[in-house]
Amino acid sequence: MRIRVWDGLVRLLHWTLAAAVATCWISGHWPPSHFDAWHHTAGYVAGAAVVLRLIWGVAGGRYARLAQFVRGPRAVLAYARTMRAGHEPRYIGHNPLGGWMVLALWSTAAALSLTGWLYTTDWLWGYEWLSDLHAWLAWGIATLVIGHLGGVVVTSWRHRENLVGAMLSGMKRAPEGDDVG
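Predicted model, so just to flag it, every value in this text is computed and none were measured. The residue numbering used here restarts from 1 in each chain and proceeds along that chain's sequence as written. The model is predicted, so local features are restricted to residues of pLDDT at least 70 and side-chain atom pairs to those at 80 or more, both for listing and for counting; the totals for chains, interfaces and linings are taken over all residues. The side-chain numbers reported here are obtained from all heavy atoms of the structure, hydrogens and water having been left aside.

Which parts of the structure should I look at to understand the overall build of the protein chain?
Runs of H or I in DSSP of at least four residues are treated as helices and runs of E of at least two as strands, each being numbered from the N terminus. If you tally the helices and strands in the protein chain, you get seven helices and two strands. Each helix and strand of the protein chain, placed in order from N terminus to C terminus, yields the pattern β-α-α-α-α-α-α-α-β. Its C-alpha atoms give the protein chain principal-axis dimensions of about 60 × 30 × 25 Å. Three exposure classes are used, based on accessible area relative to the maximum for each residue type with a 1.4 Å probe and protein chains only: buried under 20%, partly exposed in between, and exposed over 50%. Out of the 181 residues in the protein chain, the part that is buried amounts to 36%. Throughout, a contact is declared for two residues whenever any of their heavy atoms are within 4.5 Å. Relative to all contacts within the protein chain whose residues are 6 or more apart in sequence, the contacts with residues 24 or more apart total 68%. Accessible area of the protein chain: about 10,800 Å², with a carbon and sulfur share of 70%. Per-residue and other accessible areas were derived by the Shrake-Rupley procedure at a 1.4 Å probe size, with only the shown protein chains allowed to occlude residues.

Just checking my understanding: could you explain the pattern of salt bridges for this structure?
Close approach of charged atoms lets side chains of opposite charge pair. A side-chain nitrogen of Lys or Arg and a carboxyl oxygen of Asp or Glu constitute a salt bridge if their distance falls within 4 Å. Per the counting criterion, the structure on display carries five salt bridges. Glu161 is the salt-bridge partner of Arg90, the closest N and O atoms lying 2.7 Å from each other. Residue Arg90 is located in the loop between helix 4 (73-85) and helix 5 (96-119), and its partner Glu161 is located in the loop between helix 6 (128-158) and helix 7 (163-169); the two are separated by 71 residues in the primary sequence. The shortest N-O distance in the salt bridge between Arg90 and Asp179 comes to 2.5 Å. With Arg90 in the loop between helix 4 and helix 5 and Asp179 in the segment after strand 2 (171-173), the pair connects residues that are 89 residues apart, well separated along the chain. Look at Arg90 and you get buried, because its relative accessible area is 4%.

Would you mind showing me how to read the side chain of His94 here?
As for its position among the elements, His94 is in the loop between helix 4 and helix 5. The residues contacting His94, other than those within four sequence positions of it, are Trp6, Gln68, Phe69, Arg71, Gly99 and Val102.

Put into structure tokens, the structure is as follows:
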């Protein structure tokens, strides 16, 4: 039996943010004059997706809510220990490590959007420190995306569940046994 876990808005904002980050990454590494409009637009889209997702994290359904998947440090460390031992529970929503990865990705995307916008203002245009910060954040989000994808692969394999398919359809296998709802 399968149940709906991630609603349409969660999935839309997830894939919108993923596409915006990819577009920013690609357009940010071409000669500046050719893809500036793409880069700026995608950066604004990424920022808007994060803001909307945070709002939906308070107002949305059960598995969309931040309170459902953001857990404290003790829970995260306990989960990491059970994962290292090879017997972590399956979570219907995000697991504790995945919840913190979500926050790290959103925070970095928001910081990238903000620093990118600030760099276009008369106030801070041309400041090298801001450009450097934006570049460091870009490498940071690339690293986080690789970690996120690795976590998706490992979790999918260990729990015999296609998490990419679940983020496309919104459906996951219903809880069974020791699964955490």
